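# Descriptive analysis of the structure
Listed here are the chains, written in short residue letters.
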Amino acid sequence: MTIAQLTEDRTVEGVYAVSRKQRLRTRNGAPYLALELVDPSGRIEARVWQDVELLDARFAEGDAVRVLGRVERFRDGLQLAVHTLEPAVDVDPATMAPAMRRDAEELRGFLEFLTAELSHPGLRASVERVLADRDLGALPATLEGHHSYAGGLLEHTVGVATLCRETAQLHPRLRGDLVLAAALVHDVGRTLELGRGPGFAVTDEGRLLGHVHLGVRLIESRAEGLAAPQLAELVHCVAVHHDARGARTAEAAVLHHANQLDTVAATRRVD
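Presented here is an overview of the structure given in this document.

## Regarding the overall build of the protein
A tally of regular secondary structure across the protein gives nine helices and five strands. The linear arrangement of helices and strands in the protein, starting from the amino end, is β-β-β-α-β-β-α-α-α-α-α-α-α-α. Projecting the C-alpha coordinates of the protein onto the three principal axes gives extents of approximately 65 × 40 × 35 Å. Scored against the burial criterion, the 271 residues of the protein give a buried share of 49%. For the protein, restricting intrachain contacts to residue pairs at least 6 apart in sequence, the fraction spanning at least 24 positions comes to 60%. Carbon and sulfur atoms form 50% of the exposed surface of the protein, whose accessible area is close to 13,800 Å².

Written out as structure tokens, the structure is:
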């Protein structure tokens, strides 16, 4: 049974991946395991209260497991009380990460189309080189927040780039190639910050430098056919896309607001 199908007061059996595993203690000092289980349909908190020593030794964070348990309501959500579990050795945990609902190939086609829209040879060549071996469709845009599922990075990148392209068409005073190129690579540092699913654990580089700095380094190392001032403007847009006050150009400000708009549109509750 998938996570999206789970309902309260139901005994379930299913195969999930362990995206988070913590060994904790109750107020009385008894050990228990706090887990987050995921599959392509979503995620759910889980707890192991019984046979903790036995079950703890059977799996690690990032493994795929076959779980038998009961769904309970806890505060405002559902939680799975695990009765027993065992390794699902025939399942690749990376395939169990929560996935986007949109078609990945369609989004990759949009990404290629938007890149092809760049008329400036240097900006287009630089974007192509930066994205050449980066699999945006395998990673989330964030771990907790917007687009926090496999492929979310691709979906978010296409969304932000589309907003920037349309804004530049509405306002011809903007340098359209610059803002579009920056949008296409603004979060490419996530591909160095995060590891493979299902947990998407932060890499050592990611923990120390963060995705913005890693993205800037990647862009600077792969830029092609750009004069120093052009490269500086591209890097500036990416470097301040989370910092409205830091934007020194209209294009950098547009990228910041497009990034915010796509985030709000993806996460704000719709009644």
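## Remarks on the packing of helix α4 (residues 152–170) against helix α9 (residues 250–267)
Two quantities define a packed helix pair, namely the angle between the axes and the distance from one axis to the other. Taken N-terminus to C-terminus, the directions of α4 and α9 make an angle of 130 degrees; their axes are 9 Å apart at the nearest point. Our classification of the angle between α4 and α9 gives oblique. Crossing angle aside, the handedness with which α4 passes α9 is right-handed. For the pair formed by α4 and α9, the contact residues are His-156, Gly-159, Val-160, Leu-163, Cys-164 and Thr-167 on the first element and Val-254, Leu-255, Ala-258, Asn-259, Leu-261, Asp-262 and Thr-263 on the second. Considering only residue class, the contact of α4 with α9 consists of seven nonpolar, five polar and one charged.

## Considering the packing of aromatic side chains
Under the definition given, this model contains one aromatic pair. The ring of Phe-59 has Lys-21 lying over it, and the distance from NZ or CZ to the ring centre is 4.0 Å.

## A closer look at the pattern of salt bridges
All chains considered together, the criterion is met by 21 salt bridges. Among the ionic pairs, Asp-56 bridges to Arg-23, the shortest N-O distance being 2.9 Å. Here Asp-56 is found in helix α1 (residues 52–56), whereas its partner Arg-23 is found in strand β1 (residues 10–25), with 33 residues between them in sequence. For Asp-56, a relative accessible area of 19% gives the class buried. Note that Glu-105 and Arg-108 form a salt bridge whose closest N and O atoms lie 3.0 Å from each other.

The rules behind the values
- Residues numbered from 1 in each chain as written.
- Predicted model: local features only at pLDDT ≥ 70, side-chain atom pairs only at ≥ 80, totals over all residues.
- Heavy atoms only, no water.
- Helix = DSSP H or I, 4+ residues; strand = E, 2+ residues; numbered from the N terminus.
- Buried < 20%, exposed > 50% of the residue type's maximum accessible area, 1.4 Å probe, protein only.
- Contact = heavy atoms within 4.5 Å.
- Areas by Shrake-Rupley, 256 points an atom, 1.4 Å probe, with all protein chains shown as cover.
- Axes fitted to C-alpha atoms, helices over the stretch in contact; angles between N-to-C directions.
- Parallel < 35°, antiparallel > 145°, perpendicular 65-115°, else oblique.
- Left-handed = near helix turned anticlockwise from the far one by under 90°.
- Nonpolar A, V, L, I, M, F, W, Y, C, P; charged D, E, K, R; others polar.
- Phe/Tyr/Trp six-rings, centres within 6.5 Å; stacked < 30°, edge-to-face > 60°.
- Lys NZ or Arg CZ within 6 Å of the ring centre and 35° of its normal.
- Salt bridge = Lys/Arg side-chain N within 4 Å of Asp/Glu carboxyl O.

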